[in-house]
Amino acid sequence: MKELEQYNYDENIIEQIIKMDSLRFSNPTKVIEMACEFKSFAESRNDLNLVGYGDFYIADAYYTLGEFENSINYFNRSAREFESVGNIYKRGGCLNTLGILYATRGEIIYALDNFKESTMLAEQSGDDFVAALAYENYAEISDNIKDSNTAMEYALKAYNHIIKCDDNPRQKSIMIIILTTLAKLNYKFGLFSEAKSKLDKIEYIIKEFPEERPCIDYYITRLIYTYKMSNSEARKEEALNDTINAYKNTEYKIDYFLYIIDLLHFLKRIDRKDILIPLIEDFDNEIKDMDFPYIQTRILDFKISLYDEVKDRDKLFEELKRYRKYNNSFRLINSSSIRKYISIQNSLENSKRANELLKEQVGIDELTGLSNRWRLNSRIEVLLSRAYTEKKRYAVEMLDIDQFKLINDENGHHIGDLCLIVVGTALKAIECKDIFCFRYGGDEFLIFYLGYSDEEIYDIASRVRENILEMSELRDLPYIYVSQGICSGNPMKKTKVWDFSSQADQAMYMAKRGLGKHIKIINYEE
């Protein structure tokens, strides 16, 4: 263990630490016994660093045993002890694991706090490995709370750190985890070639280093990508079988619950209830006797929806009773996190308002990241002028979310905002030098096309529609359906942008009435 070299401990002490580390998964009860004796020895020497190691392995053993309260208490102790002696590496490990523990309990605010502190600590110390772990964990939590932009930012930071860790024996295994996260996020953003590149890198690592085996998260990500991109039914079935086998061979399924939830939604979407129902029952049995009310509530929420769909009233009633029990437990655990969240929100409110004003001034919509009306007004005349002078076909698309008010009323404005972010993400994926996307206001978006035929525009609009629907399902949101009205033609010198956009608006309302299956293209009329 390289971090021990700087302390000049004798071989007997180092051997005891290595022994505890080697038994952490196979015999956690023995580790607790050894760590308690080790801690007593450390206290007799007044060596707070070694006391920290004792508390660390007690915490780690309780984590393996699923006793989260004890684990959190001991990890907090060891983090303080390592801080007092300047053991940055082990303190970073404590903070990372605390973040994972809080996330598993659903206490997302505490989880993000610990991951954030760990990243800052790692950056200050120059420890690339701890930084990679912290950024990866932060990325996964950000993805869980539907903040895909932050998730992508932190996953890229994690990758930039892990590639510098050639001398760390765990580099390749952590790199596989980070590449899997990047592949998943690229897929969500519609960046399919980037997703394939990350999956190819994982396969290269597996081939070059046979001792490195991917986990269930990789198989689930590859499965979803294969179903999207492959035309081969045989390849799809092979990917599905590989994923189910990987699930069965996964010992600590709870560690991959976010990916397993993705798998459940995917199986429901492709209507494979023959696999879905036994799998969700298996996972539920795996965790039902554990103290995971957050995860249990999410699984039960999915089961209730499933049994309601298949009209199994007996099972539906039983799951509703369990849901109430777990939901009450989760609300009690989460109440302190909510109070902390409110405090943080209040303290950040002034800086948030200032940031929103700055975003507006530079022409970026704060929520979706698209250009806003300020930039639209400054650029649309230039776009139209280009279409006329370059003799290019010009089109304006008006897009809005169907029944958006109902989504807000039934699910809350936070979910409505997440739906707008999904639309913005899908539109950003098609932007290029001849396609420009803007958030016009509310749930309305404008897209400008230069030099595209009606057939090409229809294909692009259909792809946007499919990606929005798919992302809404992947992110566990209400299904997001959109209406798209497009006005296409060749502008004259006297043509105004309003001439196209007003007709696109009319086409959108025609689409809403089903006159075009929610995509309606009309030719520009002067």
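Residues numbered from 1 in each chain as written. Predicted model: local features only at pLDDT ≥ 70, side-chain atom pairs only at ≥ 80, totals over all residues. Heavy atoms only, no water.

## Side note on the nonpolar core
Part 1: Residues Ile-17 and Ile-162 are the most contacted members of the largest nonpolar core, which totals 103 residues.
Part 2: The residues touching Ile-162, leaving out its near neighbours within four places in the chain, are Phe-129, Ala-132, Gln-171, Ile-174, Met-175 and Ile-178.
Part 3: Counting residues in each nonpolar core, the second largest holds 33 residues, with Ile-407, Ile-421, Ala-426 and Phe-445 among its members. (Core = buried A, V, L, I, M, F, W, Y, C linked by side-chain atoms within 4.5 Å. Buried < 20%, exposed > 50% of the residue type's maximum accessible area, 1.4 Å probe, protein only. Contact = heavy atoms within 4.5 Å.)

## Comments concerning the pattern of salt bridges
Part 1: Going through the model one piece at a time under the given rule, you end up with 32 salt bridges.
Part 2: A salt bridge links Lys-184 to Asp-143, with the nearest nitrogen and oxygen atoms 3.0 Å apart. Placement of Lys-184 in helix α9 (residues 171-188) and of Asp-143 in helix α7 (residues 128-144) is noted, with a sequence separation of 41 residues between them.
Part 3: Three or more residues are tied together by salt bridges with common partners; here these are Arg-386, Glu-390, Lys-392, Lys-433 and Asp-434. (Salt bridge = Lys/Arg side-chain N within 4 Å of Asp/Glu carboxyl O. Helix = DSSP H or I, 4+ residues; strand = E, 2+ residues; numbered from the N terminus.)

## Points about the sheet that holds strand β5 (residues 519-523)
Part 1: In spatial order, the strands read β2-β3-β1-β4-β5; together these five strands make up an open sheet with mixed pairing. Since the sheet does not close on itself, it has two edges, and those belong to β2 (435-441) and β5, each with one partner. Neighbour-to-neighbour, the strand axes of this sheet turn through a mean angle of 20 degrees, independent of strand direction.
Part 2: Pairing of β2 with strand β3 (residues 444-450), which is carried by six bridges, proceeds in the antiparallel orientation. (Pairing = 2+ DSSP bridges. Axes fitted to C-alpha atoms, helices over the stretch in contact; angles between N-to-C directions.)

## Considerations on the pairing of strand β1 (residues 394-401)
Part 1: Taking burial as the measure, the eight residues of β1 include eight buried ones, the bulk of the element.
Part 2: Across the two faces of β1 the burial is the same, with Tyr-394, Val-396, Met-398 and Asp-400 and Ala-395, Glu-397, Leu-399 and Ile-401 all buried.
Part 3: Bridge count for β1 against β3 is seven bridges, and the pairing is antiparallel. Residue pairing across strands places Val-396 opposite Phe-448, the latter belonging to β3.
Part 4: Where β1 and strand β4 (residues 482-489) come together, eight bridges link them in antiparallel fashion. In the strand pairing of β4, Ala-395 is matched with Ser-488.

## What about unusual backbone geometry?
Part 1: The backbone phi angle of Asn-46 is positive, close to 55 degrees, even though this residue is not glycine.
Part 2: Topologically, Asn-46 is positioned in the loop between α2 (28-44) and α3 (48-65).
Part 3: Here Lys-391, not a glycine, exhibits a phi torsion of approximately 60 degrees, which is positive.
Part 4: Within the fold, Lys-391 resides in the loop between α17 (373-389) and β1.

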